[in-house]
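Coordinate inspection notes
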Number of protein chains: 4
Amino acid sequence: MSTVLRGGRLSSKTRRDVVDFISSRESDRRIAGSIVLVNEAHVVSLLNAGVIRRREARKLFRELRRLENTFPKHGIGEDYHLYVEEELTKRLGPELGGKLHTGKSRNDQVATAIRMSLRELLLNLSDRLLSLVDKLLDQAAKHTDIVFVGYTHQQPAQPITYGHYLASIAGPLLRDDERIFEAYRRVNMSPMGSGALAGSSFDLDRGLVAQLLGFEGMIENSLDGVSGRDFLLESLAVCSLLASDLSRLAQDWIFYGSSDVSLIEISPEYSSTSSLMPQKKNADPFEIVRARCARVAANYTTAISMTHALPTGYNLDFQELTPLVWDSIDTLCSCLSVMTGGIASSRVVTGIADRPQVQLTVATEVANSLVRTAGASFREAYRWVGQAVRIVLRDHRTLRELTGEEWSQIAGRPLTAKTYRTILRVADPESNPGLYRTEGSPNPRDVKRKISLGKRTVDSHLRRLEGTRGQLQRASRRMRKIL
Amino acid sequence: MSTVLRGGRLSSKTRRDVVDFISSRESDRRIAGSIVLVNEAHVVSLLNAGVIRRREARKLFRELRRLENTFPKHGIGEDYHLYVEEELTKRLGPELGGKLHTGKSRNDQVATAIRMSLRELLLNLSDRLLSLVDKLLDQAAKHTDIVFVGYTHQQPAQPITYGHYLASIAGPLLRDDERIFEAYRRVNMSPMGSGALAGSSFDLDRGLVAQLLGFEGMIENSLDGVSGRDFLLESLAVCSLLASDLSRLAQDWIFYGSSDVSLIEISPEYSSTSSLMPQKKNADPFEIVRARCARVAANYTTAISMTHALPTGYNLDFQELTPLVWDSIDTLCSCLSVMTGGIASSRVVTGIADRPQVQLTVATEVANSLVRTAGASFREAYRWVGQAVRIVLRDHRTLRELTGEEWSQIAGRPLTAKTYRTILRVADPESNPGLYRTEGSPNPRDVKRKISLGKRTVDSHLRRLEGTRGQLQRASRRMRKIL
Amino acid sequence: MSTVLRGGRLSSKTRRDVVDFISSRESDRRIAGSIVLVNEAHVVSLLNAGVIRRREARKLFRELRRLENTFPKHGIGEDYHLYVEEELTKRLGPELGGKLHTGKSRNDQVATAIRMSLRELLLNLSDRLLSLVDKLLDQAAKHTDIVFVGYTHQQPAQPITYGHYLASIAGPLLRDDERIFEAYRRVNMSPMGSGALAGSSFDLDRGLVAQLLGFEGMIENSLDGVSGRDFLLESLAVCSLLASDLSRLAQDWIFYGSSDVSLIEISPEYSSTSSLMPQKKNADPFEIVRARCARVAANYTTAISMTHALPTGYNLDFQELTPLVWDSIDTLCSCLSVMTGGIASSRVVTGIADRPQVQLTVATEVANSLVRTAGASFREAYRWVGQAVRIVLRDHRTLRELTGEEWSQIAGRPLTAKTYRTILRVADPESNPGLYRTEGSPNPRDVKRKISLGKRTVDSHLRRLEGTRGQLQRASRRMRKIL
Amino acid sequence: MSTVLRGGRLSSKTRRDVVDFISSRESDRRIAGSIVLVNEAHVVSLLNAGVIRRREARKLFRELRRLENTFPKHGIGEDYHLYVEEELTKRLGPELGGKLHTGKSRNDQVATAIRMSLRELLLNLSDRLLSLVDKLLDQAAKHTDIVFVGYTHQQPAQPITYGHYLASIAGPLLRDDERIFEAYRRVNMSPMGSGALAGSSFDLDRGLVAQLLGFEGMIENSLDGVSGRDFLLESLAVCSLLASDLSRLAQDWIFYGSSDVSLIEISPEYSSTSSLMPQKKNADPFEIVRARCARVAANYTTAISMTHALPTGYNLDFQELTPLVWDSIDTLCSCLSVMTGGIASSRVVTGIADRPQVQLTVATEVANSLVRTAGASFREAYRWVGQAVRIVLRDHRTLRELTGEEWSQIAGRPLTAKTYRTILRVADPESNPGLYRTEGSPNPRDVKRKISLGKRTVDSHLRRLEGTRGQLQRASRRMRKIL
């Protein structure tokens, strides 16, 4: 038990091993700086409320600033909150040190400090994410004409381009960035001044404290301020959704980079080999991304389960939630870096149009061309092509090798020479992307337009990010000067 | 296998039991109406693209409208998408029926239909949620002066008011409503026209289709349009967060309503008794809310796990995601209704100030008063009160029963008569709420102000909800008239 | 509220919509038969304890037997337990009907009935599982000489045989069957007689009741009997582990059956095609198995979360656990059937040895042969082969096409003609399985031996299953005759 | 990339940051000793197979034994497996060092080493668990006559004894110990000799290796040996089930120890106070147990999700599973210790029979006594008592204060004096435990018998544990002497 809490309610000290068991000291490292800042703002608030005098405030402030950038190796007992009070009591005496905790509680202090550290991390996460999107769009712009295979059900489906595929990933990732920003706005609200749950009978100015600490506003109801961990759960959910998108991207790389599928050549720098099988080249970092993203996704589940059936009010279980969010964001940041490098250093495999399984991906466009040139309904044309596919698979041929006669036979009526020429042209996968006409299709012209738009969106997200960072920095500088 | 798909690629039919196994027919009931509407918009699009003639469009449109409000008991094989084509083919002949699927795929169609049904449900969910918040604030407004106990660590902590507690619940629930609305905006984007993944070589106007179906915009990249299920996952996550808040509320009711804690008297209409123990009155519906909310929260986990390690492109696993979101929203809607009624019919227990465990909750304010009147630092005052608590617990007394002498003895110095009078006044739990001075505290004046603000927020959310519903209805009416 | 519970503790009835909300009637369908049997055994117990007379027991017994095989469409309110008492009261009058519930509670009754229904389902699950294992081993026995590719990191690794692969699946599935049986033994313990939690002051013979209902023993402590849901959680965990193994098998089929990998040809009867892309042949049922297994696995998570932070004693939340276990077992049974048929009807693709990516899988055995014939340490030989692989990949050749000279150049010293001949022989994937010498390797002789052993294990599991079923049937017949 | 793997397949080295990203070095610390032992056994196996000579074996063995108890602070790159080979190559030269990896793979080696470390931890876990059960039974034996409250639905239900409650916890914990042991038997099977997946063409004796390493048998099929992680998932599931039971126990302590319920007095050594509220005494360590158990339970979910949709064969994702199992077992061990101390140092609160909410728990036995003495059917007696409860709650009286006349009025017929005397006697909660007659009830005589039986079960589990440990130690000693 902390020295500052002794001599009161409890007749004997908490056992040392129990203190070790319940201590949050390891995890507090992540919020130690924020805890000190909250104390500084609280000192200003106590001064304004007339609880301490200016001279006292200056002394407290000075010692707090000394603590700002240090985290002690030893000496923290239950948590860093008490450590700060103990240190100030040691340095400034029990009378002044004993005033620091007036009108505040660990409950509001920890919620405030977590939000402060979390908001920084969310901005960093957004930064890394936008950097990946930017690289994806750069790569996409270079490959708008390179034929690639679009899959459904893990089967080759239709010819697309590598640029179109890469650009498709930007969509969900930009939506993830929106979610991060929306979560940020709810994280960046100050619960400070909520006390243990009932605020305080001292005349503390919560709005001033919020402003000093760079918050956009307050969690108003004091009980909500200390009981609400939905900001943490939401952050974990947002991480989980991003992890889900990222693991899909990793899975794509493992799949496209496998020697069976062979659409992408992963750089040796992002590969490993086997200790036994000399021919192996494995997509190790992508497998690790896939697995760690599962952990990030599951961190949310852990948190949800941890808070199940807890009543309103601070419960110590909350302490165990916080490391989950640090783990999720740290993990995502490293995964995003690896993916950014791994994708940028990969090479798309070209000249795939002649592979048998790629040849067949033209089937839809062949059917479409029969609708346009042979007057068939789509469903009729679809059936013809289906039968043609069955024939070529049986005979190990390609669709382009079917003769006009064979097509006529399948159709049950003579097809014109023009129709046949169209089939021949369309049956080349290379020709397909240029045929697509709908917005957002792999058509190179449209993909280029969309990439430009995407780059502009990235820029505007980046500007918003910088603006938000600027606000936090300005608040931080203001507080520096206040006492 | 559907009749419309026979005679092509596969040499034999899918086994009937396998079709039953993979069929989505049960779950399709929830999107059947939307599937028909998507077909209608597609008919308009085919007409504009010159794929079908106006006369054909009218015929297709007429038959589709006939399907709008029926869902057949039998006859659906693999799914409702194929059923619609089969029906139209049956009614209008294979030539015209065979044109319906030109340029579209089940992949874009199902994603579009799910989004349409989901957006309605999200609005309904928001409606129920706002209704609960409204009732909470009404109840809160009536009880701003009724003393209640604020808990931390499941232990009585400080005196608050019932009104302050009820108002504290509005906070997270309104944040949940923000999340629903933000998710809504991402759900309400049209993937229609993405085809199987590569759009189409027919000149289909995706923007027109999106507008006809009431969407705010498009998921542009066609591969993203059919592969992205983040809108579903996000909806499940938002439901999960709401479930977490709701289960806490249910837990509060079970806890406060238990005969040990006895702060709330639950109506017999929301209680059950035991079949064996004649004295029992159990909070059954609240226990069910608690449990079902755990299922809702876990539905997100199920979905995340289901999509883990799936590569880009439609995978049939997606089909199994959809029922999870219906279950989550349905369950939440019924839980919200029960909670709204259950809370409104409950009665707060009054006259609790004399209970021993409530008496002690004044300790913080007694310490604060010693800071103000006896010149103690907070930490010193805190220790005095801690010792006083130890004494009264040992002797089965209350803090108010300690004499001025005893207080002086504890303090180690004589306390003034004024200090002692202050202690006596503050040691009555009833006096505490009026002492709090910080914003958002249980102080009745502040709680009243905050309730007014809360009601205004509810109103603005409701107006937004109605505005959004109006947009969908206008789009729906426009489509009625288009052909 | 049930008529039999009215007129006591609660002043007014539970609202009808609240009863609907909390009712377990839908899920009770699965345990209705067991509930009736428990009542029958309880009647015997009441007779033995002298609480009712023989004549009364006979009447109650007769009416209960009439209920055995019916489940009413309407009329069940809160649950089936009360329905049974209501029905008997209606048929036999309040005096006799009112005796039925003496000394028992819904709490012990429901726990007993769930265990009875669950044990049947666990045996059925084991039955289906053993049938799949049996088919796998039959298929394996036919394919011990067919070369197949073993994968690691989703990359071709070493030549194995199809028989060896199939036999490898039997391992985890037989371990799953062990787990089912071990869970069964803990499920098959009677909690009946635990009452609400404190047993009864009537002299009821718990051992007799357990015996009549076919249980192996008792959950002795009465509080444990009604509070313990670990038998349900364990059953869900066992299902979850089986689901994990089964989803891997489904994933294998999707992967091996894809046109890129093409090691297995799935029967058209277990495939579907696309509505748009005429060439598609998708492994739909296997994707559904994969997805549903994720749900089964997550059902355990739901249950764990649902019970988190519940104190000892019956809580109504338990009611929501039960449907999860029915869903898990039902889903697994249907997935097992589909997998059994899907695997049996699949065809292994032969003649794969010449594919470039298969050619390279001999690398390890080439290195091993260099250890044996060229006196290299393994690590040295490994490096030589690695360089050889790099050369053949660069030049689009195969390992067999490298000349003796090239090998000598790589090794940095002349290799003998014998060494070169060995390389040539070993570099044929077809030769590899025969070279393996360790127990459990793909060597056809060893695989055959292991398949025989596997078949014998299946037989012994089947005999145990039949023995267990026999015990339940004998108990059931005994009870038929007791009154 | 490790020096020993360079110069082969990959043209350039894996990037250093990528190696850091994929490295398992931190987690390998837990299996480092086992990895060395596996290498030692493999050396014996290579000697027997004639791959190395006795002199070489001795040298390798000697250097390996030097590595046994050290884990380097720096210098491990990708993993500890390669580190061992690098070290031996450094110390004994490339020729001898290069022979170490002949016929083995990291795939079989890591699976073997994890199983070895895991089996030790499972035994330690069992040890701690049995120690808790033992303490629970000791405490129970001392309190078989102390009246306690049994709860259902978090409401007081029936009088039991503290001894009966404590004994009830032994039930699920002993079932957990059975599960640990059953998992142990499946963990303790050797996959060594499975190679990368296909065994080896060297004549390695897998049975000998298994025996040297203390395994009970082998995972026979080599593909199963390296692909099967069900032993890890099962261990996580078993931990998850134990965590669920343990968190319930922690929740009981928080609930019973709260000042509202006040059935248990937690020692100050296992409590904390608030930094703001001087009266607070919080059950901090029990809250932390509750929260950490949620994490342990969720670790299983993480693992299940991580392996979803992975095909057969080693995938690097497996590496991320292992830390989960260490975390689960470590966490459980510390939670078990804290719970053991926390429970042993708690004091049951006596003299609770007069509390109003406890008074009512006699209702069931009052009804039962009316069945026996007043000739009422149970349902009739139940209704009478229900009405009596309603009266006493309305008038703030107790059941014992109702007069005989009032009882007669409720019953609607005169009750005899004997009946009334019985009611008076039974209406004292203290009398209830002695009235119970069924096996496993709180009746002190029966509880004492059951505690004796429980102690005997604990002893037999302990003997089994010691026997198992002995086997591992003997194997370990044998290997010491072999070379």
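Residues numbered from 1 in each chain as written. Chains lettered and ligands numbered in written order. Predicted model: local features only at pLDDT ≥ 70, side-chain atom pairs only at ≥ 80, totals over all residues. Heavy atoms only, no water.

1. What about the pairing of strand E1 (residues 147–152) of chain C?
All names here are of chain C.
- For E1, the buried fraction is high: 6 of the 6 residues fall into the buried class.
- Neither face of E1 is left uncovered, since the one carrying Val147, Val149 and Tyr151 and the one carrying Phe148, Gly150 and Thr152 both have all their residues buried.
- Pairing analysis gives 6 bridges linking E1 to strand E2 (residues 155–161), with the strands arranged antiparallel. Across the sheet, residue Thr152 finds its bridge partner in E2, namely Gln155.
- Hairpin geometry of E1 and E2 is characterised by an intervening segment of 2 residues between the two adjacent antiparallel strands and by a positive phi of about 55° at His153. (Buried < 20%, exposed > 50% of the residue type's maximum accessible area, 1.4 Å probe, protein only. Helix = DSSP H or I, 4+ residues; strand = E, 2+ residues; numbered from the N terminus. Pairing = 2+ DSSP bridges.)

2. Looking at the interface of chain B and chain A
- Tallying the contact residues gives 111 residues for chain B and 111 residues for chain A.
- For chain B, the biggest contributors to the area lost against chain A are Ser201(B), Thr312(B) and Arg379(B); these three give 7% of the whole.
- For the pair chain B and chain A, the interface holds 18 salt bridges.
- Close ionic contact of Arg379(A) with Glu85(B) constitutes a salt bridge, the shortest N to O distance being 2.5 Å.
- The interface formed by chain B and chain A holds 56 residue pairs in polar contact (both at pLDDT 80 or more) in total.
- When its residues are assigned to classes, the side of chain B that touches chain A shows 41 nonpolar, 41 polar and 29 charged. (Contact = heavy atoms within 4.5 Å. Buried area = accessible area lost by both parts, 1.4 Å probe. Salt bridge = Lys/Arg side-chain N within 4 Å of Asp/Glu carboxyl O. Polar contact = N/O pair within 3.5 Å; in protein donor to acceptor, adjacent residues only side chain to side chain. Nonpolar A, V, L, I, M, F, W, Y, C, P; charged D, E, K, R; others polar.)

3. Brief notes about the environment of Asn124(A)
- In this fold, Asn124(A) is placed in helix H6 (residues 106–142).
- Taking the C-alpha atoms as reference points, Asn124(A) and Val371(A), 247 residues apart in sequence, are found 52 Å from one another.

4. Some remarks on the environment of Ile114(D)
- Mapping Ile114(D) onto the fold places it in helix H6 (residues 106–142).
- Setting aside anything within four residues of it in sequence, one finds Ile114(D) in contact with Ile31(D), Phe231(D), Leu232(D), Thr322(D) and Trp326(D).

5. Brief notes about the confidence of the model for chain A
- Mean pLDDT over chain A: 96, with 100% of residues reaching 70 or higher.
- What the predictor reports for the complex is a pTM of 0.97 with an ipTM of 0.97. (pLDDT = per-residue confidence, 0-100.)

6. Notes on the relation of the copies chain D and chain B
- Note on the identical chains: chain D maps onto chain B by a rotation of 180° and an axial translation of 0.0 Å, with an RMSD of 0.0 Å. As the rotation angle and translation indicate, the two copies are arranged about a two-fold axis. Relative to the rotation axis, the closest C-alpha in chain D is found at Ser305(D), a distance of 2.5 Å.
- Looking at the interface residues of chain D, 100% of them are also at the interface in chain B, so both copies use one shared face. (Least-squares fit on C-alpha atoms with pLDDT ≥ 70 in both.)

7. Observations concerning the interface of chain D and chain B
- Opposite the 46 residues of chain D that make contact, chain B presents 46 residues.
- It is Asp260(D), Pro278(D) and Gln279(D) that lose the most area in chain D upon contact with chain B, and together they represent 18% of the buried surface on that side.
- Our count for the chain D to chain B interface comes out at 0 salt bridges.
- Summed over the shared surface of chain D and chain B, the number is 22 residue pairs in polar contact (both at pLDDT 80 or more).
- Breaking the side of chain D that touches chain B down by element, the ones donating at least two residues are strand E1 (147–152), strand E2 (155–161), helix H10 (230–257), helix H11 (284–307), helix H14 (363–374) and helix H15 (378–395) of chain D.
- Counted by class, the side of chain D that touches chain B contains 18 nonpolar, 21 polar and 7 charged residues.

8. Concerning helix H12 (residues 318–344) of chain C
- The end-to-end C-alpha distance of H12(C), which contains 27 residues, comes to 40 Å, matching closely the 39 Å that a straight helix rising 1.5 Å per residue would cover.
- When you tally the buried positions in H12(C), you get 20 out of 27 residues, the bulk of the element. (Expected span 1.5 Å × (residues − 1).)

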